[in-house]
Amino acid sequence: MAQPPRFAEAPAHKDPSREAGDFVYTNKAMRCCFICRLVKSERQFLETGCENCQFLRMEEDRGRVQDYTTPNFGGLITVMDPASSWATKWLHLSKYVPGAYALVVNDDMPDSLRELLEDRNIKVTHMQQ
């Protein structure tokens, strides 16, 4: 059975009546996933979790969203077709869903998340040491 295409949920995707200025208002408090750097609002992480890191189970769990995401990031790249973009390959984003991604995370990963990743043998290469 074919899987439906996955993409990061953006508020304007479902409401064509939104104006461009709504993006700034809607997305003042953006957060990025510590693991994949996907950028969304806290509400979006609460509603749909992280499409790349579904094992974190952030849906409807404010504590996990607070622990596994951060508002402290720099730069932003938007990705439409991760598999064919040279930039996503260079940034190690080519296996992720289309969406907006932080270029750098400017925060320390919480110990609880670091332990969870070690238990799953997942290495995060973009984090500053």
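In what follows, the structure referred to is the one given above.
First things first, this report covers the structure right here in the doc.

Cut-offs and rules
- Residues numbered from 1 in each chain as written.
- Predicted model: local features only at pLDDT ≥ 70, side-chain atom pairs only at ≥ 80, totals over all residues.
- Heavy atoms only, no water.
- Helix = DSSP H or I, 4+ residues; strand = E, 2+ residues; numbered from the N terminus.
- Pairing = 2+ DSSP bridges.
- Phe/Tyr/Trp six-rings, centres within 6.5 Å; stacked < 30°, edge-to-face > 60°.
- Lys NZ or Arg CZ within 6 Å of the ring centre and 35° of its normal.

**A word on unusual backbone geometry**
In step 1: In this model, R37 sits at a positive phi of 75 degrees, which is unusual for a non-glycine residue.
In step 2: Backbone geometry places H92, a non-glycine residue, at a positive phi of 60 degrees.
In step 3: Here H92 shows up in the loop between α4 (86-90) and β5 (99-105).

**Regarding the sheet that holds strand β3 (residues 69-70)**
In step 1: Read from one edge to the other, the open sheet built from 3 strands follows the order β2-β1-β3, with strand pairing classed as antiparallel. Two strands in the sheet have a free side with no partner beyond their single neighbour: β2 (39-41) and β3.
In step 2: Bridge analysis of strand β1 (residues 30-33) against β2 gives 3 bridges, and the strand direction is antiparallel. Following the sheet pairing, R31 is matched in β2 by K40.

**Some points on the packing of aromatic side chains**
In step 1: As enumerated under the stated definition, the model contains 1 aromatic pair in all.
In step 2: Ring geometry for Y96 against Y101: centres 6.0 Å apart, planes inclined by 15 degrees, an arrangement best described as stacked.
In step 3: If you follow K40 out to its NZ or CZ, it ends over the ring of F45, 5.1 Å from the centre.

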